[in-house]
Amino acid sequence: HVSQKLVVSNPLIEAFGNAKTIRNNNSSRFGKWIKVTFDRTSSKIAGAKFVNFMLEKTRVIHHQEHERNYHIFYQLCLDEEMSNMLGLEKAETYRYLNQCKVVHPKTIDDRAEFAVVKKALNEMEFSADKQMSIFKIVAGILNMGQLKFNSEDVSGNMQGSKVVDMSWLKVAADFFGVTWEAFNTAITNRVIQVGKERTHKPLNAEEAQDAADALAKSVYGSLFDYLVVQMNESMKPPEEGNFIGILDIFGFEVLENNSFEQLCINFCNEKLQQYLNKHVFTSEEEFYKAEGVEYQFLKFIDNQDTLDLFEATKPKLGMLRMLDDEGKVGAGSDSNWLSKVEKQFADHPKIEFDKRRKFDSNLSFEINHYAGQVKYDAGGFVVKNKDTLWASLLELMNGSKDSVVKAMFPVANLKSSKIKPVAGQFREHLNDLLKLCDSTEARFIRCIKANQKMAPMLFDAIPINEQLTFSGVYESVEIRKGGYPFRLRHKQFAYRFMCINQGEDFRKSHKYTEFPQDEHYWGNICREILKTHDFDFTPEDIIVGNTMVLYRVNMHKPLRLLRNLSIEVRMPFLQSFVRGCIGRYYAHEMHKAHSTFEKALELGNDIALVRRGFEEVHDTKKWLENHANWLPEYPMYLYERGRYLESRLMAWEEHQAHMEEITNGLTPEIVTVPQYKDILEAVRKADRPKEDNDGLGDVVRTDA
């Protein structure tokens, strides 16, 4: 049952956490860690737990032209039953969904996938009420996206705002389980609390719009967290047991327009790339220690200077930390932030600013990542990083009549007037993720897509090379190449390259009788192979370690060439020997079949012997086709004579059966004239030659 839940959990979490992007119809927009626990006695899956990281909440309110919002929005709008119950319109109506050119692409079946989602919710034991609450919350977010605000003057020369169309707000408030009056007040005002005194500060139209969008992002993010918690409760693992952890996180991104989301994603990949490099470097160190080889030559490829650019605290603040600070300033803006970053990192080798106005925008800058140069547009960075969720909105959602909404906004979250900036949350999630990785024995899997057309049997080298670059595979290879990348166990090396020394048999030579068959036996043979050959194998290029022979690229080619040359010299001799064995075997089988046919033809009345000859010929021909089609076929003249004899013997068997039939139960005293005539004709046919009315006299060679 737990295994089935684990299977259905995937489409459920993908509906809420995956979206169509430029390169992928079902791209994960969050990182997840899946811990699958196994029962120690039965080794069956006993439970599972999801940990989600870094959901791309900004996608809820904004996405690029050729991309989509999260799948669940479009699925809900397309399902007739739910859309009627929730009063939803077509997806093209909603601001959060109509930013893409094609809302329902042909390659995505939203109706069918929503049916799978509803089935998954049932499997995961979500009650009918909870399911309806979840769909209402999703619909409420869509209605929030329709809110528009106009500025209006309020008392004290302050500028406030009002909602243009209250119908959208009332529906959203109803779906969230709050009164529309309280919802309207909370979204157009900010509550400032000094001590016990609370003051309402009106928000202008732009601030109210930011607050509405921030609430939409926060509600969706909290809903996603709630789903994960409920799924974990349904698949709760035992406290003890062996487990396998699987980390799935988005990869490096370079789009046509790279914004705040791509900056965070690529920063994440920089951190993970450093982790991978350290893991590979540490593994290499441990390997060389085990082989008894000095490893000072290893070079660690470090991207710490790029990471410092993002998140340093001393001596200079990183650009993401500066972005968090810029959002705290009332007059904070994208241009101010970029100016401060330019001043702070003017001489940094990993970042380039638009000093010569070569970029499309004054807010553009480039960062030299491990995967290459990426141009970003800082427009909207401050707004996207700032989740302007005031305490009044948190209190409003916590006071909801809907149990799911109330659980999404617990009392503990009301202590802070603002939730942390996105970049700050991002870094915290990332650090937690790396701590989690450090506690495990890591293995790395790189998923490479063969082409951008999502077509089978099509290999496109350019995007594949790009993916290998973005996934950091080449950097890991560089670390490996810095040492001895080619590695063969002693026995493997000996069997593979023993042939390069012509005329030497290292295992039989008297030189090696002193080597017993112990752990050093094959290592000593490897040393003698290298020592005996005239080629100059230097210790710097090839080393015989404790269990393996290690060699560099400049030795791999000569070794392979020497082996190929040796094979070319020896192969004709081996071929002649093998062909001789095959020919002799074939001749023996042909002679055996020939003898069988001759004996059968000599006897003339043994059909079983004839047929055995046929089997021997067929077996020989079949073996010949599979192994040595260059040999002559079996001579067929005896075969054809055998076929003729078989047909005559079969005719005799039929005639003999006929004679037994007509004489069955007869005695000389009771034979009638017609019966006597039948018997007489049968005997005459048996005695007549074949030429005389198809007689059988040539077959029967007995005195009967």
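Residues numbered from 1 in each chain as written. Predicted model: local features only at pLDDT ≥ 70, side-chain atom pairs only at ≥ 80, totals over all residues. Heavy atoms only, no water.

Some remarks on a nonpolar patch on the surface
On the surface, Met 571, Phe 573 and Leu 574 cluster together into a nonpolar patch covering about 290 Å² of accessible area. Relative to the helices and strands, Leu 574 is located in helix H21 (residues 553-603). (Patch = residues over 30% accessible without salt bridge, like charges linked within 9 Å, V, L, I, M, F, W, Y side chains within 5 Å. Areas by Shrake-Rupley, 256 points an atom, 1.4 Å probe, with all protein chains shown as cover. Salt bridge = Lys/Arg side-chain N within 4 Å of Asp/Glu carboxyl O. Helix = DSSP H or I, 4+ residues; strand = E, 2+ residues; numbered from the N terminus.)

Describing the nonpolar core
If you look at the biggest cluster of nonpolar residues, it comprises 82 residues, and the most contacted ones within it are Phe 16, Phe 73, Ile 141, Phe 176 and Phe 183. Residues within four places of Phe 73 in sequence aside, it is in contact with Val 60, Leu 97, Val 138, Ile 141, Leu 142 and Tyr 220. Of all hydrophobic cores here, the second largest spans 44 residues; its members include Leu 309, Trp 337, Ile 351 and Cys 437. (Core = buried A, V, L, I, M, F, W, Y, C linked by side-chain atoms within 4.5 Å. Buried < 20%, exposed > 50% of the residue type's maximum accessible area, 1.4 Å probe, protein only. Contact = heavy atoms within 4.5 Å.)

Let's talk about unusual backbone geometry
Omega for the bond connecting Lys 314 with Pro 315 falls within 30 degrees of zero, at -10°, which places this linkage in the cis form. Here Pro 315 shows up in the loop between helix H10 (304-311) and helix H11 (319-328). Backbone geometry places Ser 43, a non-glycine residue, at a positive phi of 65°. Mapping Ser 43 onto the fold places it in the loop between strand E3 (31-38) and strand E4 (45-53). Positive phi, close to 65°, is recorded for Glu 125, a residue that is not glycine. If you trace the backbone, Glu 125 turns up in the loop between helix H4 (110-123) and helix H5 (128-144). Accessibility expressed as a relative area gives 54% for Glu 125, which makes it exposed.

Structural notes on the pattern of salt bridges
The full count for this structure, using the stated rule, is 21 salt bridges. A salt bridge links Arg 68 to Asp 110, with the nearest nitrogen and oxygen atoms 3.1 Å apart. Note that Arg 68 is positioned in the loop between E4 and helix H2 (71-78) and Asp 110 in helix H4, a separation of 42 residues in sequence. Each member of the pair, Arg 68 together with Asp 110, is buried.

So, the environment of Ala 608
With respect to the element layout, Ala 608 can be found in helix H22 (residues 607-627). Given a relative accessible area of 52%, Ala 608 falls into the exposed group.

Considering the state of the cysteines
For the structure on display, the rule yields zero disulfides. Here Cys 268 stays free of any disulfide, with the sulfur of Cys 264 as its closest cysteine sulfur at 9.4 Å. What makes Cys 268 buried here is its relative accessible area of 0%. The thiol sulfur of Cys 447 is not disulfide-bonded, and the nearest other cysteine sulfur, from Cys 268, lies at 15 Å. Using a relative accessible area of 71% as the deciding quantity, one classes Cys 447 as exposed. (Disulfide = S-S within 2.5 Å.)

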